[in-house]
Amino acid sequence: MPFLVWLAWFGVYLHSLSPGLGGEDSGEFAATAVSLGISHPPGYPLMTLAGRLVSLVPLGSPAFRLNLFSALCAAGALALLYSLVRREAQARWGLGARSSGFIALVSASALGFSQALWHQAVISDKYPLNLLFFSAIIWSATAGIRWELTAFLLGLGFSHHLQT
């Protein structure tokens, strides 16, 4: 089911994706990704390297590809949120699969439809990747998975943005 949540949200964001450069830092991130330059502090090295890889995909303009990357990251974060809320609703509240799935879907949808996330998910910006790391860190920390994965994700998250 998390895959279906990811697929649905990616489709929603794809439908309203900016075809080129968006506002805010979108142009700067596109330029630094394509040229492997350095953006404003803290430089966003992980965003630059990931953006460089994405910019090599032969699909549309480099700006469109980076916007697509933001949509992929935002949809991934919503799928992780869905999975986290569903798991916690079952474990902590004792809800069944249907009830916990409904609550998780409402939670992911509330964030997904928020103006703040939607705006960032359809342009090339740092926040969708940051939200993906944040969601992955919380998901792994609460899933009972080995702490090394959480530490690794935390390190990657901090290398991207200090808000992590």
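Just so you know, these numbers come straight off a predicted model, no measurement behind them.

Draft legend 1. Focus on the overall build of the protein. When helices and strands are tallied, the protein shows 8 helices and 0 strands. In sequence order, the secondary structure elements of the protein are arranged as α-α-α-α-α-α-α-α. The C-alpha radius of gyration computed for the protein amounts to 16 Å, which stays within 12% of the reference 15 Å derived for 164 residues, consistent with globular compactness. Dimensions of the protein, computed from C-alpha atoms along their principal axes, come out at roughly 50 × 35 × 25 Å. Long-range pairs, those at least 24 residues apart, make up 67% of the contacts in the protein with a sequence separation of at least 6. For the protein, the exposed surface amounts to about 8300 Å²; the carbon and sulfur share of it is 72%. Distance between charge centroids for the protein: 13 Å, based on 8 positive and 6 negative side chains.

Draft legend 2. Structural detail: unusual backbone geometry. A positive phi angle, close to 55 degrees, is found at L36, a residue other than glycine. Here L36 lies in the loop between helix 2 (26–35) and helix 3 (45–55). Residue classification places L36 among the partly exposed residues on the basis of a relative accessible area of 47%.

Draft legend 3. Looking closely at the packing of aromatic side chains. This structure, assessed with the given rule, holds 7 aromatic pairs. An angle of 25 degrees between the planes, with centres 5.7 Å apart, marks the rings of F3 and W6 as stacked. Highlighted residues: F3 and W6, both in helix 1 (residues 2–15), separated by 3 residues, approximately one helical turn. According to the relative accessible area criterion, W6 is partly exposed, its value standing at 21%. Judged by centre distance (5.6 Å) and plane angle (85 degrees), the ring pair of Y13 and W118 falls under edge-to-face. In this pair, Y13 sits in helix 1 while W118 sits in helix 6 (residues 115–121), placing the two residues 105 residues apart along the sequence. Grouped by ring-pair contacts, the aromatic residues W9, Y13, F113 and W118 constitute a single cluster.

Draft legend 4. Region of the structure containing the packing of helix 3 against helix 8 (residues 147–160). In the contact formed by helix 3 and helix 8, the axes pass within 6 Å of each other and the chain directions differ by 95 degrees. In terms of their interaxial angle, helix 3 and helix 8 are classed as roughly perpendicular. For the pair helix 3 and helix 8, the contacting residues are P45, L46 and M47 in the first and L156, S159 and H160 in the second. For the contact of helix 3 with helix 8, the residue count by class is 4 nonpolar, 2 polar and no charged.

Draft legend 5. Here's a closer look at a nonpolar patch on the surface. Together, M1, F3, L4 and L7 make up a nonpolar patch on the protein surface, roughly 420 Å² of accessible area in all. Secondary-structure assignment places L7 in helix 1. By relative accessible area, L7 is classed as partly exposed at 41%.

Draft legend 6. Local environment of the pattern of salt bridges. One pass over the structure, following the stated rule, counts 4 salt bridges. Taking the shortest distance from any N to any O, the salt bridge between K126 and D125 comes out at 3.4 Å. Residue classification places K126 among the buried positions, given a relative accessible area of 5%. Here the salt bridges share partners, and the residues they tie into one network are R87, E88 and R92.

Calculation criteria
- Residues numbered from 1 in each chain as written.
- Predicted model: local features only at pLDDT ≥ 70, side-chain atom pairs only at ≥ 80, totals over all residues.
- Heavy atoms only, no water.
- Helix = DSSP H or I, 4+ residues; strand = E, 2+ residues; numbered from the N terminus.
- Rg over C-alpha atoms; globule rule 2.2 N^0.38 Å.
- Contact = heavy atoms within 4.5 Å.
- Areas by Shrake-Rupley, 256 points an atom, 1.4 Å probe, with all protein chains shown as cover.
- Lys, Arg positive; Asp, Glu negative; His and termini not counted.
- Charge placed at Lys NZ, Arg CZ, Asp CG, Glu CD.
- Buried < 20%, exposed > 50% of the residue type's maximum accessible area, 1.4 Å probe, protein only.
- Phe/Tyr/Trp six-rings, centres within 6.5 Å; stacked < 30°, edge-to-face > 60°.
- Axes fitted to C-alpha atoms, helices over the stretch in contact; angles between N-to-C directions.
- Parallel < 35°, antiparallel > 145°, perpendicular 65-115°, else oblique.
- Nonpolar A, V, L, I, M, F, W, Y, C, P; charged D, E, K, R; others polar.
- Patch = residues over 30% accessible without salt bridge, like charges linked within 9 Å, V, L, I, M, F, W, Y side chains within 5 Å.
- Salt bridge = Lys/Arg side-chain N within 4 Å of Asp/Glu carboxyl O.

Note that every value here comes from positions in space, so none of it alone points to a role or purpose.
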